[in-house]
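Summary of structural features
Single-letter residue listing:
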Amino acid sequence: MIPELDHPTFRLAVAQFDQVAEAMNLDTNLRERLKTPQRSLLVALPIRMDDGNVRVFQGYRVQHDSARGPSKGGLRYHQDVSLGEVAALAMWMTWKTALAGLPYGGAKGGVTVDPHTLSLAELERLTRRYAAEIFPLIGPDKDIPATDIGTNQQVMAWFMDTYSQQVGFAVPGAVTGKPQSIGGSLGREEATGRGVVNVTIEALRRKGINLEDTSVVIQGIGNVGSHTAKIFNEAGARVIGISDVTGGLFNPKGLPIDDVLQRRRSGLPLRDIKAGDHLTNDELLTQECTVLVPAALSEQITGNNAERLRCRILTEAANGPTTMEADAILNDRDVFIIPDILANSGGVIVSYFEWVQDVQRFFWNERDIRQRLHTIITSAFHRTLHFAEKKNTTMRTAALMNGIDQVAQAHTARGLYP
Ligand code: GLU
């Protein structure tokens, strides 16, 4: 690994890859290539702050692979964003898009900033400057950004506008996760959460557990966590725990999800919402439940808490929430893990729908989008399950093997340039 990429999250992505590459006996020439991102761009973003001073933020865009098509992946605005983290997330996007059968490679971008500390005007200037700086790398046929932690529809709208201003005409297919008024897709905002629920229902069926008897704990109440909670609640499961940065809210009888989400939207932290007991993050993760859904940052389930988890199914809505050590412990304890590259792929699947609609200038209704998402994600789930059972391996290994194999086949078919 080149020293510039050294970071715990990149080490996790590479360790997963090494383990699976060994198990599938992957061509050694391809191993080195697939461990190193194809392109990494670092950009300095000087931004005029509202007080008149200029601050320079650090931005990144990493394209891990583009053998199967344009690279695809979100933009993260978070104070801990670094090159190594973005590279790990880009690598996971490559396996994720391949596993879902989307004609994309993997990428990710980000800016090291806590977006909550910026005014709306500062956020706009930062986004526009970032879009202008990474402009040479992106485009609907090259690399298509989308939302991720800390970014939203408005950020994508500014991004799309900046890109379009550079080329001189509207290019809706340059980003996904946009507002509908400029080519966004119905169902994109809820897509990751809906996919999380779709695959969890398949796992519950497999285990013979009814939705009505299912309790769910969700770590994180951002876009993914809140839609996951809402859709599980509508489907008839009991959401008993949820958390934000101020800690967890827990009620074994079930939380009034619509009410909690409504109050959160009005700006109240969970700490100030009286609908259950207030727990620490560690207490929340270790509550007894049928399904635990980490929907926040990476490396949350570790050697320190894996032994104490009391869930039957772990649905990884976040990217990289489980360390290698925790993964081994949970496998020994027979916890059924739906790995991130499968569990959270609903987001990029509907991003693909958005891009297809933009490129074709022909838009679909919500029912079609939900149905097509369900078809793609549940068939990826069953393909993975079938493979895992046949090879007597875990869902994570099966999902990674499938994704990596698709990418390896594309590289072998295309050959090495020059
Ligand atoms: N940021 C999301 C992810 O990690 C979605 C990426 C996309 O839609 O391109 O999968």
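Refer to the structure printed above.
Since this is a predicted model, take the numbers as computed values, not measurements.

Parameters at a glance
Residues numbered from 1 in each chain as written. Predicted model: local features only at pLDDT ≥ 70, side-chain atom pairs only at ≥ 80, totals over all residues. Heavy atoms only, no water. Helix = DSSP H or I, 4+ residues; strand = E, 2+ residues; numbered from the N terminus. Buried < 20%, exposed > 50% of the residue type's maximum accessible area, 1.4 Å probe, protein only. Contact = heavy atoms within 4.5 Å. Arc of directions from axis to C-beta. Polar contact = N/O pair within 3.5 Å; in protein donor to acceptor, adjacent residues only side chain to side chain. Core = buried A, V, L, I, M, F, W, Y, C linked by side-chain atoms within 4.5 Å. Pairing = 2+ DSSP bridges. Axes fitted to C-alpha atoms, helices over the stretch in contact; angles between N-to-C directions.

Focus on the environment of Thr-228
Among the structural elements, Thr-228 can be located in helix α7 (residues 223–235). Residue Thr-228 is classed as buried on the basis of its relative accessible area of 0%. Taking C-alpha positions, Thr-228 is 8.0 Å from Glu-190, a pair spaced 38 residues apart along the chain. With sequence-adjacent residues up to four places away left out, Thr-228 is seen in contact with Gly-193, Val-196, Val-197, Ile-218 and Val-293.

What to know about helix α2 (residues 28–35)
Taken residue by residue, α2 has Leu-30, Arg-31 and Leu-34 as its buried positions. All buried residues of α2 fall inside an arc of 110° around its axis, so they share one side. Structural note: α2 exposes Thr-28, Asn-29 and Glu-32 on the side pointing more than 90 degrees away from its buried face. Buried residues in α2 make contact with α1 (8–23), β2 (54–65), α3 (83–100) and α14 (395–414). Of the residues that open α2, the one with a side-chain oxygen 2.9 Å from the backbone nitrogen of Asn-29 is Asp-27.

Quick look at the nonpolar core
Within the largest apolar cluster, 88 residues are counted, with the highest numbers of intra-cluster contacts made by Trp-95, Val-293, Ile-338 and Phe-381. Broken down by element, this core gets its largest block of residues, 13 residues, from α3. Excluding anything up to four places from it in sequence, Ile-338 contacts Val-199, Thr-200, Ala-203, Ile-313, Leu-314, Thr-315, Glu-316, Ala-343 and Phe-381. In this structure, Tyr-77, Leu-123, Trp-158 and Phe-159 belong to the second largest nonpolar core, which totals 25 residues.

A closer look at the sheet that holds strand β11 (residues 313–315)
Read across the sheet, seven strands follow the order β9-β8-β7-β6-β10-β11-β12 without closing on themselves; strand pairing throughout is mixed. Edge positions in the sheet fall to β9 (277–279) and β12 (336–338), since each has one partner strand and no second. The average angle at which neighbouring strand axes cross in this sheet is 20°, direction not considered. In this sheet, strand β8 (residues 247–250) lies alongside strand β7 (residues 238–244) in antiparallel orientation, the contact comprising four bridges.

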